Amino acid sequence: MEYIATFFSHYDAMLFKKTLEESRFRVELRPVPRFLSSSCGTCAVIFPDDSRNDEPVEEIKNMKECLIEMLVRNMNGEYTVLIDNR
Amino acid sequence: MDNASTSFPKPSCVTKAIEDYINTCGSNVNRGSYTSAYEAEETIMKCRQNIASFFGCENPRNVIFTSGATMGMNMVLLGMLSPGDHVLVSGMEHNAVMRPLTALMQDGIAYDTFQNAYDLKGKIGLRTKCIVMLHGSNINGEVFDLERIGELAMEAGCYFVVDASQTAGHIGIDFEKIKADALVFSGHKGLMGPQGIGVVIMSERMARKCKPLIYGGTGSRSATLDMPEFLPDKFEAGTLNIPGIIGLNAAIEHINSIGIDEIFSREKYLTRLLIQKLSGLEDEGLIRIISSADKDIFTPIVLIVTKKIDVADAARRLDEYYGVQTRVGLHCAPCAHKALGTFPEGGIRFSLGFDNTEEDINMAVDALYDICHR
């Protein structure tokens, strides 16, 4: 399972990665799947520790400084929108 | 000795950072989504964070990169003023402030000058939108008390725009403390970065009020034709001066490693030494020295007027025969020279930097003695 955060700007993508990595999550920046967003071209893929049932949703909801467009859960190719700021 | 125009030499870490970026990375930022682009973006973000921290700004997002202080000042003034607005401006401003304001008069924007905080208070009217002033003069090194002006601006509900081009990197500045709405400065003078990079630190209310000067691609909200409203993208259309930002980042880290207090202390000492050594020529009636070195806080600038020889000729001889580089003339600040009584001839400006030495000063003074006594 992975989470994908999309953004309005690269600035927020970089800030998001830095902030979440300071927590405990592994985050990678990648080109955003076009069916998800056509905003800034970059997304952050978050890899939670499945063995600990570790979800980043609350942490992301509490990020005040970072503007995210959407947070989507990808469970085996099934995408669920968890946060939508469009 | 022309650091007020641009600092030289630049720290070697600045040139190395720029060279490394160009040779090993070279990516644009906020456009491609690949490894080297993200690496460059990390450094840009670090630069915003370093600048925010250095200038006491809470949010790095409010650090806007420009091509220089002139661009930044134009961006703020043209972006936030409307017909019918009134502006109060100090009498010592650089043309980066005066020329946009003069041009805006054609659009029905008026301005008046003020001398000090007391004078300012009496001149704020119902239509006064903005107070603009420099932190440090580029002519005589005088540094002005921004906190009191910022308080007056806040009480009156006016925006407060500060030109810190001559003080950034020489003296500590706290953006929140001075209650500025825009702090405008160049990266290539006291901050020792490369030319072609400047910064505007903008308050939230200024960011909401100000329209962009330049419209174009930002790599954000790409599906829409409107400029984004969020920072920093609202004011950063087009490709950024990435080598400039990377160089500026290295420069700020270099300054932090020395400490701004150490820099100020050293430059204060050098300036007073220069004046002390020049005083003999003044006693002989051959020059007039104009400086602010009798105050506690000033920037490392000394203006001199030669009495028996044309200032331009003296400056030429300093350079051609002795290798002493200064700037002669009006220094893009005719209003300041009028205020100091040196208009229209101007003067020779010696502007020191952290890397100047006692030897430089001795050489410059000896050269001037020779020139004045021929």
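Above this text is the structure in question.
Given the structure is predicted, the values throughout are model-derived calculations rather than measurements.

1. Looking at helix α1 (residues 10-22) of chain A
Over its 13 residues, α1(A) runs 18 Å from end to end, which matches the ideal 18 Å to within 8%, given 1.5 Å per residue. Taken together, the buried positions of α1(A) are His10(A), Tyr11(A), Asp12(A), Ala13(A), Met14(A), Leu15(A), Phe16(A), Lys17(A) and Leu20(A). In this structure, the buried residues of α1(A) make contact with β1 (2-6), β2 (26-31), β3 (42-47) and α2 (57-61) of chain A together with α2 (35-54) of chain B.

2. Looking at the interface of chain A and chain B
Chain A puts 20 residues into the contact, and the matching count from chain B is 21 residues. Overall, the association of chain A and chain B removes approximately 1700 Å² of surface from exposure, summing both partners, and the carbon and sulfur fraction of that is 55%. Connecting chain A to chain B are one salt bridge. Salt-bridge contacts for Asp12(A) lead to Arg61(B); the nearest nitrogen and oxygen are separated by 2.4 Å. At the junction of chain A with chain B, the criterion picks out twelve residue pairs in polar contact (both at pLDDT 80 or more). Elements supplying a minimum of two residues to the side of chain A that touches chain B: α1 and β2 of chain A.

3. So, unusual backbone geometry
Residue and element names in this part refer to chain B. Geometrically, the link from Phe8 to Pro9 is a cis peptide bond, its omega value of 0° lying close to zero. Looking at the secondary structure, you find Pro9 in the segment before α1 (12-25). Cis geometry is adopted by the peptide bond preceding Pro344, which originates at Phe343 and carries an omega value of 5°. The phi dihedral of Asn30 is positive, around 65°, even though this residue is not glycine. We classify Asn30 as buried; its relative accessible area is 15%. Not every positive phi belongs to a glycine, and His331 is a case in point at roughly 55°. Note on placement: His331 falls in the loop between β10 (327-329) and α11 (334-340).

4. Quick notes on helix α12 (residues 358-373) of chain B
All names here are of chain B. For α12, which comprises 16 residues, the first-to-last C-alpha distance of 22 Å matches the rise-based estimate of 22 Å (1.5 Å per residue) to within 8%. Those residues of α12 that fall on the buried side of the exposure criterion are Ile361, Ala364, Val365, Ala367, Leu368, Ile371 and Cys372. Buried residues in α12, looked at end-on, bunch into an arc of 160°, giving them a common side.

5. Describing the packing of α1(B) against helix α8 (residues 242-258) of chain B
To characterise two packed helices, one gives the angle between the axes of the helices and the distance between these axes. Residues and elements named next belong to chain B. Put simply, α1 and α8 touch, their axes get as near as 8 Å, and they point 145° apart. Between α1 and α8 lies a crossing of right-handed hand. Two secondary-structure elements touch here, α1 through Cys13, Val14, Ala17, Ile18, Tyr21 and Ile22 and α8 through Ile242, Pro243, Ile246, Gly247, Ala250, Ala251 and His254. In the contact of α1 with α8, the residues fall into eleven nonpolar, two polar and no charged.

Cut-offs and rules
Residues numbered from 1 in each chain as written. Chains lettered and ligands numbered in written order. Predicted model: local features only at pLDDT ≥ 70, side-chain atom pairs only at ≥ 80, totals over all residues. Heavy atoms only, no water. Helix = DSSP H or I, 4+ residues; strand = E, 2+ residues; numbered from the N terminus. Expected span 1.5 Å × (residues − 1). Buried < 20%, exposed > 50% of the residue type's maximum accessible area, 1.4 Å probe, protein only. Contact = heavy atoms within 4.5 Å. Buried area = accessible area lost by both parts, 1.4 Å probe. Salt bridge = Lys/Arg side-chain N within 4 Å of Asp/Glu carboxyl O. Polar contact = N/O pair within 3.5 Å; in protein donor to acceptor, adjacent residues only side chain to side chain. Arc of directions from axis to C-beta. Axes fitted to C-alpha atoms, helices over the stretch in contact; angles between N-to-C directions. Left-handed = near helix turned anticlockwise from the far one by under 90°. Nonpolar A, V, L, I, M, F, W, Y, C, P; charged D, E, K, R; others polar.

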